Structures are given as structure tokens and as C-alpha cells.
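Residues per chain are reported as follows:
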Amino acid sequence: MPPEAIQLFKLLCDLLPTEATEAAVRQRLKPLTTAVDPVRRQFGRTYLTLGGVSFKLTAVFEAPALHLYQVTLRVTPAAYAAIRAFARALPGAAAPTLPGTAEWQNSWLGLLPRLRLRPAAGGKGVSARFVGLMPTKKVIVLTQL
């Protein structure tokens, strides 16, 4: 379960800066998903909900071009722990697994940590906010910077 969760996190970190379309997100996440909910359109945004073994995610596509802007990832406690440990190790990694620079920040007494990934050559980065206050509800919000 945790290797799948880390693979999902890496994939989302790769997709967000590229301004991916809904079709591209569906295609790239297809091997990891087991359920797809219908697409909703509301207030100029499109919402795509996908589910997997250890996660459920909602992808938000912003108008007018409908590119991927934000992903809310609800995961099991085991998957959350694996992703958080992976993300926490990124800033000090000798051989980074994601391109660019990584910065880990603690806020609210360490209860709401955030990982910021910035590309080495400029461009858009990714912010991942970890919300794990409840024992059974673990959420990671990934946003394009």
C-alpha cells in the first residue's frame, strides 16, 4: 500500500506544474484508480473525483482553459504516514526523486506541515499541505504555485 501511495504523490507532483487537462489526468492516474465519479462543473471550475485502494482524490480544473490547479487527496492513515515520511525526507535527500528544490515548513506547532517543490529552471511549483489532525481522516492538499 505505501509504495502505491508514494507513486501517486510523485505523479500528482509531476502533473500539477504542467497544467494538465482532465483527459491527461484520467489517463495518467488510470493504473492506480478503481472508481471514477462523474465530472461536475460549478462556478467556472470542473471537479473530477477518482478513487483507489488507499485513497480518494478530487482534482480541480480552473477556467477558462480547464487546467489542473488543485488536488485534494484523502488517504488511509498508513498511506498518509508513508507519503508524509517521503515528503519530509525530500529536502535532505542526497539524490532527489523529484526535480527542483524542496522545502519543508512546519506551522501551527507542527500540526499543519507544508512541502514546497520549486522547479530548478523556473516555472510553476507545487505546495503540499498535510492535514492529519483526525485519527482516521488524513488529507493532503496539493496546489499549483
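What counts and what doesn't
Residues numbered from 1 in each chain as written. Predicted model: local features only at pLDDT ≥ 70, side-chain atom pairs only at ≥ 80, totals over all residues. Heavy atoms only, no water. Helix = DSSP H or I, 4+ residues; strand = E, 2+ residues; numbered from the N terminus. Rg over C-alpha atoms; globule rule 2.2 N^0.38 Å. Phe/Tyr/Trp six-rings, centres within 6.5 Å; stacked < 30°, edge-to-face > 60°. Buried < 20%, exposed > 50% of the residue type's maximum accessible area, 1.4 Å probe, protein only. Contact = heavy atoms within 4.5 Å. Expected span 1.5 Å × (residues − 1). Arc of directions from axis to C-beta. Salt bridge = Lys/Arg side-chain N within 4 Å of Asp/Glu carboxyl O.

Enquirer: Can you walk me through the overall build of the chain in this structure?
Expert: In terms of helices and strands, the chain carries three helices and nine strands. Ordered by position from the N terminus, the helices and strands of the chain form the series α-α-β-β-β-β-β-α-β-β-β-β. Over its C-alpha atoms the chain spans a radius of gyration of 15 Å, differing by no more than 12% from the 15 Å that the globule rule assigns to 145 residues. Referenced to the eigenvectors of the C-alpha coordinate spread, the extents of the chain come out at roughly 40 × 40 × 30 Å.

Enquirer: What am I meant to see in the packing of aromatic side chains here?
Expert: One pass over the structure, following the stated rule, counts four aromatic pairs. Ring plane angle 80 degrees and centroid distance 6.2 Å describe the contact between F9 and F86, whose orientation is recorded as edge-to-face. With F9 in helix α1 (residues 2–15) and F86 in helix α3 (residues 77–89), this pair connects stretches of sequence that are 77 residues apart. The two residues F9 and F86 agree in class, both being buried. Here the aromatic rings of Y80 and F130 are separated by 6.1 Å at their centres, their planes lie at 70 degrees, and the arrangement is edge-to-face.

Enquirer: Is there a simple way to think about the environment of G52 in this case?
Expert: Examined against the element boundaries, G52 turns out to sit in the loop between β3 (45–51) and β4 (55–62). A relative accessible area of 18% means that G52 is categorised as buried. Once the C-alpha coordinates of G52 and L12 are considered, the two residues, 40 residues apart in sequence, prove to be 14 Å apart. What G52 contacts, discounting residues up to four positions off in sequence, is L32, T33 and T34.

Enquirer: Would you mind showing me how to read α3 here?
Expert: Because each turn of an α-helix spans 3.6 residues, side chains separated by three or four positions in sequence point in the same direction. With 13 residues, α3 should reach 18 Å at 1.5 Å per residue; the first-to-last C-alpha distance of 18 Å fits that figure. Of all the residues in α3, the buried ones are A79, Y80, A82, I83, F86 and A87. Each buried residue of α3 lies within a common arc of 165 degrees when the element is viewed along its axis, so the set occupies one face.

Enquirer: What is the right way to look at the pattern of salt bridges in this model?
Expert: Enumeration over the complete set of coordinates arrives at three salt bridges. Note that K124 and E19 form a salt bridge whose closest N and O atoms lie 2.3 Å from each other. Taken together, the positions of K124 in the loop between β7 (114–118) and β8 (126–131) and E19 in the loop between α1 and α2 (22–29) put the pair 105 residues apart, joining distant regions of the chain. E62 serves as the salt-bridge partner of R45, at 2.7 Å between the closest nitrogen and oxygen. Taken together, the residues R45 in strand β3 and E62 in strand β4 connect sequence positions 17 residues apart.

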